[in-house]
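# Structural description and commentary
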Amino acid sequence: MSCWMPGCPALSMCQGLAALPITCLERAKDLKTRLGILLHKPELGHRIGTSGKLQLGSRWRDSSREVLEWRESFDQLLKSKSGVTAFHTFLKTEFSEENLDFWLACEDFKKTRSKTKLASKANRIFEEFVQSEAPREVNIDHETREITRKNLSGATSGCFNEAQAKTRTLMEKDSYPRFLKSASYQDMTKQVTSRGVSKRSHT
């Protein structure tokens, strides 16, 4: 709402903006648009700090190298936090993100040192991902499911090893190749490649 009363903050703001050169206003609009695009591309290594400012720099360079390394092997993808995030986003489009979530849960499970927590975590993971009709049941064979069930009686850090290996193999042979061929990954590699070409042309 406009205000024409003397000393009105809204009036002062409008007068201040009106006094700015047109080029400044255009550059401000352009900057806002660019920031909006970047904020919606977390897979490219951008993040928002506690101050609310967009943080770029070395993380972008690291992520750009990683993007190209993801196609070298499935291991390279899983070693990269950005890669896991991008792969998880892709799996969501195929409604199969539970496979990666289970694999990640198993990785976290192996780091558990407390025997009490180990047992409770093992039961929680089994109930969520492994048991028949689990809410996020992973695609493993009956034999592997039963072996994992028996392992729960004396839960150790390796009680999910076989089920985790089967799930990993499934992702590597099935989902991973499709991820590399996906439009989202192809777009990311093009952006990285074009950025590299642009840098070389300016040196």
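Now for a quick tour of the structure. Everything numeric in this text was worked out from a predicted model, so none of it was measured.

As a further point, take the packing of aromatic side chains. A full pass over the atoms with the stated rule returns 10 aromatic pairs. On the numbers, 5.1 Å between centres and 50 degrees between planes, the contact of Phe74 with Tyr176 is tilted. Linking Phe74 in helix H4 (residues 74-79) with Tyr176 in helix H9 (residues 161-181), this pair joins segments that are 102 residues apart in sequence. A single burial state applies to Phe74 and to Tyr176, both of which are buried. Their ring planes at 75 degrees and their centres at 5.5 Å tell us that Phe87 and Phe179 sit as a pair that is edge-to-face. Pair noted here: Phe87 is in helix H5 (residues 81-93) and Phe179 is in helix H9, with a separation of 92 residues, a long-range link. Accessibility expressed as a relative area gives 0% for Phe87, which makes it buried. A network of ring pairs unites the aromatic residues Trp70, Phe74, Phe87, Phe90, Tyr176, Phe179 and Tyr185 as a single cluster.

In this section: the packing of helix H6 (residues 97-110) against helix H7 (residues 115-130). Where H6 contacts H7, the axes come no closer than 11 Å and their chain directions differ by 170 degrees. Between H6 and H7, the angle falls in the class roughly antiparallel. Counting all contacts with H6, which are made through Glu98, Asp101, Phe102, Ala105, Asp108 and Phe109, the residues of H7 involved are Leu118, Lys121, Ala122, Ile125, Phe129 and Val130. Tallied by class, residues from the contact of H6 with H7 come to eight nonpolar, no polar and four charged.

Looking at the secondary structure, you find Pro135 in the loop between H7 and helix H8 (142-151). Judged by its relative accessible area of 69%, Pro135 falls in the exposed class. The spatial distance from the C-alpha of Pro135 to the C-alpha of Glu98 is 9.6 Å, given a sequence separation of 37 residues. Apart from the residues within four sequence positions on either side, Pro135 is in contact with Glu127 and Glu128.

Next up on the list: the pattern of salt bridges. As enumerated under the stated definition, the model contains 11 salt bridges in all. Measuring nitrogen to oxygen at the nearest pair gives 3.3 Å for the salt bridge that ties Glu107 to Lys110. With Glu107 and Lys110 both in helix H6, this residue pair falls three residues apart, about one helical turn. Taking relative accessible area as the criterion, Glu107 reaches 28% and is therefore assigned partly exposed. Using a relative accessible area of 31% as the deciding quantity, one classes Lys110 as partly exposed. One continuous salt-bridge network, built from bridges that share partners, spans Asp75, Arg168 and Glu172.

The rules behind these values
- Residues numbered from 1 in each chain as written.
- Predicted model: local features only at pLDDT ≥ 70, side-chain atom pairs only at ≥ 80, totals over all residues.
- Heavy atoms only, no water.
- Phe/Tyr/Trp six-rings, centres within 6.5 Å; stacked < 30°, edge-to-face > 60°.
- Helix = DSSP H or I, 4+ residues; strand = E, 2+ residues; numbered from the N terminus.
- Buried < 20%, exposed > 50% of the residue type's maximum accessible area, 1.4 Å probe, protein only.
- Axes fitted to C-alpha atoms, helices over the stretch in contact; angles between N-to-C directions.
- Parallel < 35°, antiparallel > 145°, perpendicular 65-115°, else oblique.
- Contact = heavy atoms within 4.5 Å.
- Nonpolar A, V, L, I, M, F, W, Y, C, P; charged D, E, K, R; others polar.
- Salt bridge = Lys/Arg side-chain N within 4 Å of Asp/Glu carboxyl O.

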